[in-house]
Amino acid sequence: MKLKALGLTAALAALPFGAMAQDFPNRDVTIVVPYSPAGSTDPVARFIGGELQKMWGVNVLIESKPGAGATIGTAYVATQPADGYTVLLTTPAYTTAPSVYKDLPYDPLNDLVPVAQTGFTQFVVAAGPSVKSDTLEGFIEEAQSRQIFMSTSGLGSSGHFVSELFARAAGLPDAIPVHYKGGSPAQVDVIGGRADTYVGSVLAVLGNVEAGKMKPLVVLGNTPAAKFPDTPTAAEAGIDADVTFWWGVFAPAGTPDDIVKKIHDDMMTVLESDVGQEYLASNSAALNNLSVEEFQDFIKKDLEEWKKLAEERGIEAN
Amino acid sequence: MGLYDNIILGFSTAISPVNLLYCFIGVFFGTLLGALPGIGSLAAVSILLPLTFSLDPTTALVMLAGVYYGAEYGGSTSSILLNLPGTPSNAITCLDGYPMAQQGRAGVALFTTTIASFFGGSVGIIALYTISPLLADAAIAMGPADYFSLMVAGLVAAAAVTQEEPLKGLAMVVFGLALGTVGTDIDSGVARFHWDMLELRDGISFIALAMGLFGVSEVILSLSTMDQRNVKQRVTLRGMLPTRDEWRRSVKPALRGAGIGGVFGALPGTGPTIGTFIGYTLEQRLHKDPSIFGKGAIEGIVSPETANNAAVQTAFIPTLTLGVPGSATMAIMLGALMMNGVAPGPNLINSNPEIFWGLAASFWIGNVFLLILNIPLIGIWVRLLQIPYHLLYPAILILICVGTYTIRSNVFDIFLVLTFGMIGFVLRKLRFQLAPVLIGFILGPMIEENFKRAMIFGRGDFTYLVKQPVSGVFLALTALLIGWAIYKTVRRRPRRSEA
């Protein structure tokens, strides 16, 4: 009898009308961040969470589940109830991981649904003292006659993929990646003159560029970076590397469309507000303002492109 | 700006009422949490991190740093009283601290570690003030080959922590090295020994390993022996003071410990634990009667504690000047800075001098707080021993599980810590030393990682390792060390057979 009642309650809770957009959210919402609180993603979640908490009048909790190139936290959210009360805030690792981890416990296309892109910032290719030239053209010329070491924040990280993308786009004949545990140790060997380039977000390379230890060669994509006004964008330099670093929110697949839309719209309201714009600017970031559908297409395209690049450049693990 | 101006700027920032208050809050909770077995500095900083979100960057960092070195300070308490290290870097303090407590001299041990910690911390801070920029340059100049050779030297130097049975010690180093291979290889991306568990892709958690081997195993061990080891301790101020002879014997170990800890702390990636091991080994090697170690020798607690706290302070040098965190705890500090829009790196000292020098000054104020806070607390800590074990140990087990879980909110780590508890228990029953496991575990992956990188930069040429000047020197030192060890063994052997 007791079991039956329990089963009934569970069945009721699982019914879609238990989670309708007009009364969402009526209890605590959890944003899972697949990185440690020390990373650059955690503060973004905390900012958005704090603003949503004011808007929604319920607690928005930030839970950190780091590990295995962000796949532990992602796998966790994939198994959560599809009611919008547990969502994931992650980075391009979402689209690069499937190309390196062959045995992911989730399917990035079918187990989670993209909800909103909550901001983007540019990737910057920066060079250390081992590179003689200060310009992109000079560097490409130099790279024709010698081996280039590209230091990355880890095999299969977005920085690694983007480094390979850049090497292909710039036509570097002999560029090989050297992997580190995270972006800061990777930059030390660049400023020490042992490795040649590092590709990271604007904020990640800013410290060393401002100190004159690294020189920015090119800002990838077609949006100039305010912090590096004199550095050309990839579009200006005529190389095909249209890629950005972004933060995005995902929900377990099966989350009702109206709830996905509500979370998307409310997050956009937060980010378009003055505080939101100010926050993004302080992270050298901006908003693309993609609709739910546009973001979903973006993710699909990204997954395919990274997969192609991984096959082409022989990026693999396992 | 000269050193004098920096000190003035630093202290004027640090003694603002808000910063003083948060410094005190930080060290108070840090020492409290650190003294609880199982809650190390990483867990303590993780737990208290959310409290700092509303603070300005300097104050936030002053408080977090206070928690960090407070926890390292407090960590020795449970090492001495319960044979349970509060943090992994206090593990070696158990070796002589616990025997002292068993001899009824817990007060002396606690007092000595407090003074040693204060001394070590102060030396570390002076180093932070005077040679930060210099050390930052040195760290940039050091490449993978240099790190490889340094770590090899460290491994050789530390492999000798065991006193009686070198073979068993070696076995444990190898066990540690083996455990260190678990996880994704940085260079090839191959996941090794992960048994299809996503959680093992990043390798075994150091905290889970250390807390399991040293903490959980101690709990099981005491359950299985069920003896009441409680020694009634009366602690008066006079009873806490070391004898004149002990004061005298502590001076040199303190100086050497501070030096070793300071150097290892400043190297990115090593963390304070290595320094404590090497400090201890060195004292044992230099002492005319090495057999007193492990039985309550004052040198055996002074050296690792000064090394630990010196390392804790100098660990801020690479974190702040290079933006390279030396340990997971430092990574959180770095995160706290970036969260506030401050970019750590070579430019930090110039762009945010108040943060750098203010922090350095607050460290010293915090250390004074710790001194004042800890000496009166010793009497209270010692009373912990009077809590019946059937109440104390379940509580400790819960704390260890909570502390391990907090670090990355993963239940897997709780199973891991308990598993290592069992393994540690069996190994201790078989009379294996556990400290060398940690050494192998920390150094093994660093040696491998840097070796592979050095080979990439050297284009596969092994002589690259010797041709790099710093690396060459370390390798030569290693060779000397091995030669010396062989010489010592050969010379000592006949004497032993006579006995």
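Cut-offs and rules
Residues numbered from 1 in each chain as written. Chains lettered and ligands numbered in written order. Predicted model: local features only at pLDDT ≥ 70, side-chain atom pairs only at ≥ 80, totals over all residues. Heavy atoms only, no water. Helix = DSSP H or I, 4+ residues; strand = E, 2+ residues; numbered from the N terminus. Rg over C-alpha atoms; globule rule 2.2 N^0.38 Å. Buried < 20%, exposed > 50% of the residue type's maximum accessible area, 1.4 Å probe, protein only. Patch = residues over 30% accessible without salt bridge, like charges linked within 9 Å, V, L, I, M, F, W, Y side chains within 5 Å. Areas by Shrake-Rupley, 256 points an atom, 1.4 Å probe, with all protein chains shown as cover. Salt bridge = Lys/Arg side-chain N within 4 Å of Asp/Glu carboxyl O. Lys, Arg positive; Asp, Glu negative; His and termini not counted. Charge placed at Lys NZ, Arg CZ, Asp CG, Glu CD. Axes fitted to C-alpha atoms, helices over the stretch in contact; angles between N-to-C directions. Left-handed = near helix turned anticlockwise from the far one by under 90°. Contact = heavy atoms within 4.5 Å. Nonpolar A, V, L, I, M, F, W, Y, C, P; charged D, E, K, R; others polar. Buried area = accessible area lost by both parts, 1.4 Å probe. Polar contact = N/O pair within 3.5 Å; in protein donor to acceptor, adjacent residues only side chain to side chain. Domains from an automatic or database assignment. Phe/Tyr/Trp six-rings, centres within 6.5 Å; stacked < 30°, edge-to-face > 60°. Lys NZ or Arg CZ within 6 Å of the ring centre and 35° of its normal. Pairing = 2+ DSSP bridges.

A. View of the overall build of chain B. Helices and strands together make up the secondary structure of chain B, namely 22 helices and two strands. At 22 Å, chain B has a C-alpha radius of gyration in line with the 23 Å of a compact globule built from 499 residues. Taken along the three principal axes of its C-alpha coordinates, chain B extends 65 × 60 × 50 Å. Counting only residues that meet the buried cut, chain B has 60% of its 499 residues in that class.

B. Representation of a negative patch on the surface within the structure. Residues and elements named next belong to chain A. Taken together, the side chains of Asp-257, Asp-258, Glu-293, Glu-294 and Asp-297 present a region of like negative charge at the surface. Secondary-structure elements contributing two or more residues to the negative patch are helix H10 (257-272) and helix H12 (292-313). Per-element accounting of the negative patch gives the leading share, three residues, to H12. Relative to the elements of secondary structure, Asp-297 occurs in helix H12.

C. Examining the packing of helix H11 (residues 244-266) of chain B against helix H13 (residues 299-314) of chain B more closely. Residues and elements named next belong to chain B. Look at H11 against H13: their axes get within 7 Å of each other, and the N-to-C directions meet at 30°. In terms of crossing hand, the pair formed by H11 and H13 is right-handed. Side by side, H11 and H13 meet where Arg-249, Ser-250, Pro-253, Ala-254, Gly-257, Ala-258, Gly-261, Gly-262, Gly-265 and Ala-266 of the first sit next to Glu-299, Val-302, Ser-303, Thr-306, Ala-307, Ala-310, Ala-311 and Thr-314 of the second. Here the residues of the contact of H11 with H13 sort into eight nonpolar, eight polar and two charged.

D. Quick look at the interface of chain A and chain B. Each partner contributes residues to the interface: chain A has 41 residues there, and chain B has 41 residues. Regarding the contact of chain A and chain B, the summed buried area is about 3300 Å², with carbon and sulfur atoms giving 62% of it. Between chain A and chain B we count two salt bridges in total. Among the salt bridges present, the one from Asp103(A) reaches Arg201(B), with a minimum N-O distance of 2.8 Å. Applying the counting rule to chain A against chain B returns 10 residue pairs in polar contact (both at pLDDT 80 or more). Where the side of chain A that touches chain B is concerned, the elements lending two or more residues are helix H2 (42-56), strand S2 (60-64), helix H3 (71-78), strand S6 (175-179), helix H7 (183-191) and helix H8 (202-210) of chain A. When residues of the side of chain A that touches chain B are assigned to their parent elements, the largest contribution, five residues, is made by H7(A). For the side of chain A that touches chain B, the residue count by class is 20 nonpolar, 10 polar and 11 charged.

E. Up close: the domain arrangement of chain A. All names here are of chain A. The domain architecture assigned to chain A consists of domain 1 (28-120 + 245-313) and domain 2 (122-237). Each of domain 1 and domain 2 has a C-alpha centre, and the two are 26 Å apart. Listed as interface residues are 14 residues of domain 1 and, on the opposing side, 17 residues of domain 2. Broken down residue by residue, the surface that domain 1 buries against domain 2 is led by Phe-245, Ser-284 and Arg-313, which jointly contribute 40%.

F. Main features of the packing of aromatic side chains. According to the stated counting rule, one finds 27 aromatic pairs over all chains in the structure shown. Judged by centre distance (5.8 Å) and plane angle (85°), the ring pair of Phe123(A) and Phe245(A) falls under edge-to-face. Highlighted residues: Phe123(A) in strand S4 (residues 112-127) and Phe245(A) in strand S9 (residues 244-252), separated in sequence by 122 residues. Across this residue pair, the class does not change: Phe123(A) and Phe245(A) are buried. Pairing Tyr280(B) with Phe293(B) gives two aromatic rings, centres 5.6 Å apart and planes at 80°, and the pair type is edge-to-face. With Tyr280(B) in helix H12 (residues 271-286) and Phe293(B) in the loop between H12 and H13, the pair connects residues that are 13 residues apart, well separated along the chain. Of the two residues examined, Tyr280(B) and Phe293(B), each falls in the buried class. Members of the aromatic cluster, joined through ring pairs, are Tyr94(A), Trp246(A), Phe250(A), Phe295(A) and Phe298(A). The aromatic ring of Tyr76(A) is capped on one face by Lys65(A), whose charged end is 4.6 Å from the ring centroid. For Lys168(B), the ring lying beneath its charged end belongs to Phe432(B), and the centroid distance is 5.1 Å.

G. Representation of the environment of Phe119(B) within the structure. Residues and elements named next belong to chain B. On the secondary structure map, Phe-119 appears in helix H6 (residues 106-141). A relative accessible area of 31% means that Phe-119 is categorised as partly exposed. Sequence separation between Phe-119 and Leu-370 is 251 residues; the distance between their C-alpha atoms is 12 Å. Non-local contacts of Phe-119, meaning those with residues more than four positions away in its chain, are made with Ala-254, Leu-255, Ala-258 and Thr-306.

H. View of the pairing of S4(A). Residue and element names in this part refer to chain A. The buried fraction of S4 amounts to 16 of the 16 residues, a majority that puts the element mostly inside the structure. The sheet contact formed by S4 and strand S7 (residues 197-201) spans five bridges and is antiparallel. When the bridges of S7 are listed, Val-124 appears paired with Gly-200. Of the pairings in the sheet, the one linking S4 to strand S8 (residues 215-219) comprises four bridges and is antiparallel in character. By the bridge assignment for S8, Ala-126 is matched with Pro-216.

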